[in-house]
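Coordinate analysis (summary)
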Amino acid sequence: MDRLAAFSIIPFLPAMLLAGVLALPGVVARADFLPEPGQRLSVGGGRHSVAAPAGWVAQRTRLRATFSRDGFALNTLELRLYEPRAGEKSLARRTRAGKAWIEEFAGSYLARRTAEKTTQDVEVALLAETTLSGRPAFRLELEYTHAGWLAPLRLREFAVGTWTTDGLVVFRYAAPRLHYFEHAAGEFEAALAGVWVGPAGR
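It should be emphasised that the depicted structure is a prediction, and the values quoted were computed from it without experimental measurement. (Residues numbered from 1 in each chain as written. Predicted model: local features only at pLDDT ≥ 70, side-chain atom pairs only at ≥ 80, totals over all residues. Heavy atoms only, no water.)

**Regarding the side chain of Thr76**
Going by this rule: The secondary structure listing takes helices from DSSP runs of H or I that are at least 4 residues long and strands from runs of E that are at least 2 residues long, numbered from the N terminus. Whenever a nitrogen or oxygen atom comes within 3.5 Å of another N or O atom, the pair is scored as a polar contact, on the condition that within protein one atom can donate a hydrogen and the other can accept it, and that pairs from neighbouring residues in sequence are kept only if both atoms are in side chains.
Checked against the element boundaries, Thr76 lands in strand β5 (residues 76-82). Here Phe72 takes part through its backbone oxygen, which lies 3.2 Å from a polar atom of the side chain of Thr76.

**Some points on the packing of aromatic side chains**
Cut-off, in case you're wondering: By convention, a stacked pair of Phe, Tyr or Trp rings (six-membered ring in the case of Trp) has centres within 6.5 Å and planes under 30 degrees apart, an edge-to-face pair has planes over 60 apart, and any other such pair is tilted. Only protein chains enter the calculation, and the probe is 1.4 Å; a residue is then buried if its accessible area is under 20% of its type maximum, exposed if over 50%, and partly exposed in between. Geometrically, a charge over a ring is one whose NZ (Lys) or CZ (Arg) sits within 6 Å of the ring centre while staying within 35 degrees of the ring normal.
Counted under the stated rule, the structure contains seven aromatic pairs. Between the aromatic rings of Tyr82 and Tyr109, the centroid separation amounts to 5.9 Å while the plane-to-plane angle is 70°, which identifies the pairing as edge-to-face. Separated by 27 residues along the polypeptide, Tyr82 in strand β5 and Tyr109 in helix α3 (residues 99-115) bring together distant segments of the chain. Across the pair, Tyr109 and Tyr82 agree in class, each one buried. Plain terms: the ring middles of Trp101 and Phe105 are 4.9 Å apart, the flat faces sit at 65° to each other, and that makes the pair edge-to-face. Highlighted residues: Trp101 and Phe105, both in helix α3, separated by four residues, approximately one helical turn. An aromatic cluster of three or more residues is present, and its members are Phe158, Phe171, Tyr173, Phe181 and Phe188. Taking the ring centre of Tyr144 as reference, the NZ or CZ of Arg113 above it sits at 4.9 Å. When the ring centre of Phe158 is taken as origin, the NZ or CZ atom of Arg139, which lies over that ring, is 5.2 Å away.

**Remarks on the sheet that holds strand β1 (residues 40-43)**
Our working rule: Two strands make a pair as long as DSSP finds a minimum of two bridges between them. Geometry is summarised by axes, namely lines fitted to C-alpha atoms with helices restricted to the contacting stretch, and by angles between N-to-C directions that run from 0 to 180 degrees.
Overall, antiparallel pairing links the three strands, which are arranged β1-β2-β10 in an open sheet. Each edge of the sheet is formed by a strand with only one pairing partner; in this case those strands are β1 and β10 (195-197). The average angle at which neighbouring strand axes cross in this sheet is 20°, direction not considered. As judged from the three bridges shared by strand β2 (residues 48-51) and β10, these two strands associate in the antiparallel manner. The residue bridging His48 from the neighbouring strand is Val197, located in β10.

**Notes on the pairing of strand β4 (residues 64-68)**
Along β4, four of the five residues are buried, which leaves the element largely enclosed by surrounding structure. In terms of strand pairing, strand β3 (residues 57-60) meets β4 through four bridges, oriented antiparallel. If you follow Arg60 over to β4, its bridge partner there is Ala65. The antiparallel hairpin formed by β3 and β4 contains three residues in its connecting segment. With four bridges connecting them, β4 and β5 associate as antiparallel partners. Paired with Thr66 across the bridge in β5 is Glu78.

**A few points about the confidence of the model for the protein**
Using the following cut-off: pLDDT measures how confident the predictor is about each residue, on a scale from 0 to 100. Residue contacts are counted whenever heavy atoms from the two residues lie within 4.5 Å of one another.
For the protein, mean pLDDT is 82; residues scoring 70 or higher make up 79% of the total. Below pLDDT 50 for its whole length, residues 1-29 participates in 18 contacts with residues either more than four positions away or in separate chains.

Written out as structure tokens, the structure is:
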């Protein structure tokens, strides 16, 4: 490899190293599968769901449906249910538009994200009012450092979320800011249209 080629891959090394570690025998933490395009994957006992984007590998748990096109270190779409904490169920009754509830909804999400030890130096680029499956919702655009991999990476994220009495339902897209984010950012809006937030189960 000549010197120019060697230097050209330097920005990709953290994600490449992570992908290599995850490929080692015995390092697979969750089962990946390739859903049919448009197949609905649900969280929260089936009450909330998203249509699988074509060609994206999936992982699913009770509270998360996660997809990646190029590897989970490189781009991620995720529908997640955060169960309510003490005193939060009243948020589900905030159905009127307004700056106060947008900030409160978004604040509950940011509090969870910043509490994660691997999420550091969070910067909010946009906070706006929108809807998710016909419900009042917030839209956030973030940048943060993910410090849980072999080398810290600066990530960008789009997140849209709303409250039900099940908890906080968030659909998000995240990828490393350099080189990767723009590659699949356009698919976020299409996938967002396939999110269904159903009635609460309790």
